[in-house]
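# Close look at the chain arrangement
In case you want the letters, here they are:
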Amino acid sequence: MASEEILVFTTIGDRDMAEEQISEMLEQGIIISGTIFPEVELVYLWDGKITVDTENKILLKAKAEHYDAIEAYIMKHHPYIAPEIIRLDVSFGSPAYKAFVADKIKKNS
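The present account deals with the structure reproduced in this document. Quick caveat: nothing in here was measured; it's all calculated off a predicted structure.

Now for the packing of helix α1 (residues 15–28) against helix α2 (residues 67–77). In the contact formed by α1 and α2, the axes pass within 11 Å of each other and the chain directions differ by 145°. Between α1 and α2 lies a crossing whose hand is right-handed. Between α1 and α2, the contacting residues are Glu 20, Gln 21, Glu 24, Met 25 and Gln 28 on the first element and Ile 70, Tyr 73 and His 77 on the second. Residue composition of the contact of α1 with α2, by class: 3 nonpolar, 3 polar and 2 charged.

Listed below in structure tokens is the structure:
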């Protein structure tokens, strides 16, 4: 059985834009919350050279039924041509936390 909860990871260079996008998704009711991990380093190969950049890693918590809307939002508003969008199906941890998430979802629906 598929999980009802998901985590969605993405990245964005501008912190203010990250906060704005999380706020808009909260207002639209498509996410439960968003966490910004500021100034993470990304190390990758580009044109055969090791490159180090900084960006903000974003973790979104949501109901699985909202994934398509989250992906569509990110694709429409993200400045990157092909933004990172990683979906993880999860079952949010402890019974107390699961009850908290369920209550937040109910209140935001």
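Moving on: the pattern of salt bridges. What the rule picks out here adds up to 4 salt bridges. The closest approach of N and O atoms between Glu 84 and Lys 57, which form a salt bridge, is 2.8 Å. With Glu 84 in the loop between α2 and β4 (86–90) and Lys 57 in strand β3 (residues 49–63), the pair connects residues that are 27 residues apart, well separated along the chain. Taking the relative accessible area as the measure of exposure, Glu 84 reaches 27% and is therefore partly exposed. By relative accessible area, Lys 57 is classed as partly exposed at 23%.

Moving on to α2. Regarding α2, the residues found buried are Tyr 67, Ile 70, Tyr 73 and Ile 74. The buried residues of α2 occupy an angular sector of 125° when the element is viewed end-on, so they sit on one face. Seen from the open side of α2, the exposed residues pointing more than 90 degrees away from its buried face are Asp 68 and Lys 76. Close packing links the buried residues of α2 with β1 (5–12), α1, β3 and β4.

About the criteria used
- Residues numbered from 1 in each chain as written.
- Predicted model: local features only at pLDDT ≥ 70, side-chain atom pairs only at ≥ 80, totals over all residues.
- Heavy atoms only, no water.
- Axes fitted to C-alpha atoms, helices over the stretch in contact; angles between N-to-C directions.
- Helix = DSSP H or I, 4+ residues; strand = E, 2+ residues; numbered from the N terminus.
- Left-handed = near helix turned anticlockwise from the far one by under 90°.
- Contact = heavy atoms within 4.5 Å.
- Nonpolar A, V, L, I, M, F, W, Y, C, P; charged D, E, K, R; others polar.
- Salt bridge = Lys/Arg side-chain N within 4 Å of Asp/Glu carboxyl O.
- Buried < 20%, exposed > 50% of the residue type's maximum accessible area, 1.4 Å probe, protein only.
- Arc of directions from axis to C-beta.

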